Amino acid sequence: TQQVQSAGQMSEQVGTGESKAAGHATWHDYMWEGIKTGLAFANAGAGTASGEVDPSTEFGDLSQVTADHFSALNHQGEDQASSSA
């Protein structure tokens, strides 16, 4: 039988290879960030639909957090690259 892994277990296995060894984000890192982002927006949408979440604050904060996370991926490894030059 096939065993199902949790997202946490799978995320520990991705991001290997040369680019990860060099400290750079891999496509796996971006994929997982996208999945987490999608889930966060889906949860915020569900909260808005049920009246538990104020969309004027929840989505604005979520957009900023998403931008910060992707920006961190975009710049991952830059400090290492500049210090080794």
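For the structure, see preceding data.
Here's a quick rundown of the structure. Everything numeric here is computed off the predicted structure, so don't read it as measured data.

Scoring rules and cut-offs
Residues numbered from 1 in each chain as written. Predicted model: local features only at pLDDT ≥ 70, side-chain atom pairs only at ≥ 80, totals over all residues. Heavy atoms only, no water. Helix = DSSP H or I, 4+ residues; strand = E, 2+ residues; numbered from the N terminus. Buried < 20%, exposed > 50% of the residue type's maximum accessible area, 1.4 Å probe, protein only. Contact = heavy atoms within 4.5 Å. Areas by Shrake-Rupley, 256 points an atom, 1.4 Å probe, with all protein chains shown as cover. Salt bridge = Lys/Arg side-chain N within 4 Å of Asp/Glu carboxyl O. Axes fitted to C-alpha atoms, helices over the stretch in contact; angles between N-to-C directions. Parallel < 35°, antiparallel > 145°, perpendicular 65-115°, else oblique. Nonpolar A, V, L, I, M, F, W, Y, C, P; charged D, E, K, R; others polar.

### A closer look at the overall build of the protein
So, point 1. Looking only at helices and strands, the protein features five helices and zero strands.
So, point 2. Starting at the N terminus and walking to the C terminus, you meet the elements of the protein as α-α-α-α-α.
So, point 3. Taking all 85 residues of the protein together, the buried fraction comes to 18%.
So, point 4. Taking contacts inside the protein between residues at least 6 apart in sequence as the whole, the part at least 24 apart equals 48%.
So, point 5. Counting every atom, the protein has about 6100 Å² of accessible surface; 54% of that belongs to carbon and sulfur.

### Details of the pattern of salt bridges
So, point 1. The full count for this structure, using the stated rule, is one salt bridge.
So, point 2. Lys36 is the salt-bridge partner of Glu33, the closest N and O atoms lying 3.4 Å from each other. Of the two residues, Glu33 and Lys36 both sit in helix H3 (residues 27-50), three residues apart, roughly one turn of that helix.

### Overview of the packing of H3 against helix H4 (residues 55-74)
So, point 1. Taken N-terminus to C-terminus, the directions of H3 and H4 make an angle of 175 degrees; their axes are 10 Å apart at the nearest point. Regarding the angle of H3 to H4, the classification is roughly antiparallel. In contact with Asp29, Tyr30, Glu33, Gly34, Thr37, Ala40, Phe41, Ala44, Gly45 and Thr48 of H3, H4 contributes Pro55, Glu58, Phe59, Leu62, Ser63, Thr66, His69, Phe70, Leu73 and Asn74.
So, point 2. Along the lines of polarity and charge, the residues of the contact of H3 with H4 split into nine nonpolar, eight polar and three charged.

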